[in-house]
Amino acid sequence: MADWGSHLSTMRSTAPLVLNITNFVAMNVMANVLLATGASPAMAHAEEEIAEITALSDALTINFGTADAGWMRGIFRAVETARGQGIPWVLDPVAVGVSTLRKQTAARLIEMGPAVIRGNASEILVLAGQGAGGKGVDATDGVTEAAAAARALASRTGAVVAVTGAVDYVTDGCRAFSVANGHPLMPRVTALGCSLTGVVGAFLVGQPTLEAATAALACYGVAGERAGKCASGPGSFAVDFLDALAALTPDELSQMARVTPA
Ligand SMILES: Nc1ncnc2c1ncn2[C@@H]1O[C@H](COP(=O)(O)OP(=O)(O)OP(=O)(O)O)[C@@H](O)[C@H]1O
Ligand SMILES: Cc1ncsc1CCO
Ligand SMILES: [Mg+2]
């Protein structure tokens, strides 16, 4: 049994400060998810202050889900600061297929060295110049269809690429893992993918990238399974999911993680 729970334990022992430039939809959900999991969230995006806040942070995550031009300037300023200070950062290319601005922004950001790119299958396919782009923020492609694109993207950029869906796939271009945890109610609650991007950022701090990202996905999926056992629908699931993230112990994660080399 691989010790995926040790990565949760390490994350909780440092409770990293994770700065998230994310969308209006995700801000509250994501902050609560990070707190429940054991990290400290900060949400900000103003270009006038973002460099200072980034410099204080242990990890940075970027999601342009509801961004405008000023917000985009804040994103680039934050990423430049993170790069300069060696702060790991995660790119969430949310709904990258829906506009030229998103495609161009994602292309520029990918060249700036994200440690991890985390998206659903349709988003990862768009980054590879393939697929129809999904339905807004929702995936219409399966994870398996995006695995080759994820490997190629990882090899080309040096980022770990995490494709989420019913069974997640995470790769550094050489090695890969499948994570078969999760629950069908997860994609029925908005911003749980965006929030997972923050959890990946928290796990990255001081830990090897591929293993940390995989453990974050497993932690999330196991909590989803637990929440799904008692929830009666998306509303109660959202609440139960926060409780499940907070209650999950490292030992339980190690026991329940369904991670296999892929
Ligand atoms: N059908 C499913 N069965 C089990 N788990 C799922 C399923 N779909 C998604 N998940 C899980 O939900 C979490 C979020 O992944 P998802 O791919 O839905 O993100 P997303 O599309 O970026 O979400 P959003 O943009 O709404 O924030 C992951 O942990 C993933 O494993
Ligand atoms: C619904 C929605 N629209 C822009 S971002 C977002 C959150 C889920 O990705
Ligand atoms: Mg998403």
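Everything that follows concerns the structure shown earlier in this document.
As the structure is a computational prediction, the values presented were derived from the model and not from experiment.

Participant: Would you mind going over the packing of helix H2 (residues 27-37) against helix H10 (residues 234-247) with me for this structure?
Facilitator: Each pair of packed helices gets described by two things: the angle between the helix axes and the distance between those axes. At a minimum axis separation of 7 Å, H2 and H10 run at an interaxial angle of 30 degrees. It follows from the interaxial angle that H2 and H10 lie roughly parallel. The segment H2 lies against H10, with Asn32, Val33, Ala36 and Thr37 engaging Phe241, Leu242, Leu245 and Ala246. Of the residues assigned to the contact of H2 with H10, the class counts are six nonpolar, two polar and no charged.

Participant: How should the site of ligand 1 be read in this particular structure?
Facilitator: Around ligand 1, 18 residues are found, and the nearest of them are Asn120, Thr164, Asp168, Gly193 and Cys194. Between Thr164 and ligand 1, the recorded distance is 2.8 Å, taken from a side-chain N or O atom to an oxygen atom. When isolated, ligand 1 has an accessible area of 630 Å², and the protein chains bury 88% of it. A molecule is said to occupy a pocket when more than half its atoms come within 2 Å of that pocket's grid points, and by this definition ligand 1 occupies the largest pocket. Counting only elements with at least two residues in the shell around ligand 1, the list comes to strand E5 (116-120) and helix H8 (192-204). Looking at the shell around ligand 1 residue by residue, the class counts come to ten nonpolar, six polar and two charged.

Participant: I tried to follow the site of ligand 2 on my own but got confused; where do I start?
Facilitator: Around ligand 2 sit Asn23, Val25, Gly65, Val94, Val137, Thr190, Ala191 and Cys194, and those are all the residues in its vicinity. Across the complex, the protein chains shield 75% of the 280 Å² of accessible surface that ligand 2 would expose by itself. Counting atoms within 2 Å of the grid points, the majority share of ligand 2 lands in the largest pocket. Class assignment for the residues of the shell around ligand 2 results in five nonpolar, three polar and no charged.

Here is what the cut-offs are and how they apply
- All chains use their own residue numbering, which begins from 1 and follows the written sequence.
- A letter from A marks each chain and a number from 1 marks each ligand, given out in the order of writing.
- The predicted nature of this model means local features are confined to residues of pLDDT at least 70 and side-chain atom pairs, given and counted, to a pLDDT of 80 or more, with totals for whole chains, interfaces and linings taken over all residues.
- With hydrogens and water stripped out, all remaining heavy atoms of the structure feed into the side-chain values.
- Axes here mean lines fitted to C-alpha atoms, for a helix over just the part in contact, with angles spanning 0 to 180 degrees between N-to-C directions.
- Here a strand is any run of E in DSSP of at least two residues, a helix any run of H or I of at least four, and the numbering for each starts at the N terminus.
- Roughly parallel here means an angle under 35 degrees, roughly antiparallel means over 145, roughly perpendicular means 65 to 115, and every remaining angle is called oblique.
- Residue contacts are counted whenever heavy atoms from the two residues lie within 4.5 Å of one another.
- The residue classification treats Ala, Val, Leu, Ile, Met, Phe, Trp, Tyr, Cys and Pro as nonpolar and Asp, Glu, Lys and Arg as charged. All others, Gly included, are polar.
- Neighbouring residues are identified by heavy atoms, a residue being near a molecule or strand if any of them is within 4 Å of it.
- Whenever a nitrogen or oxygen atom comes within 3.5 Å of another N or O atom, the pair is scored as a polar contact, on the condition that within protein one atom can donate a hydrogen and the other can accept it, and that pairs from neighbouring residues in sequence are kept only if both atoms are in side chains.
- To be clear on the numbers: accessible area is Shrake-Rupley with a 1.4 Å probe, and residue cover counts the displayed protein chains and nothing else.
- Detection works on a 1 Å grid of protein atoms alone, calling trapped sets that fit a 1.4 Å probe cavities and calling open sets with protein on both sides within 12 Å along at least five of seven lines pockets, with lining residues defined by an atom within 4 Å of a point.
- Placement in a cavity or pocket follows one criterion, namely that more than half of the molecule's atoms lie within 2 Å of its grid points.

Purely geometric stuff here, so don't read any function into it on its own.
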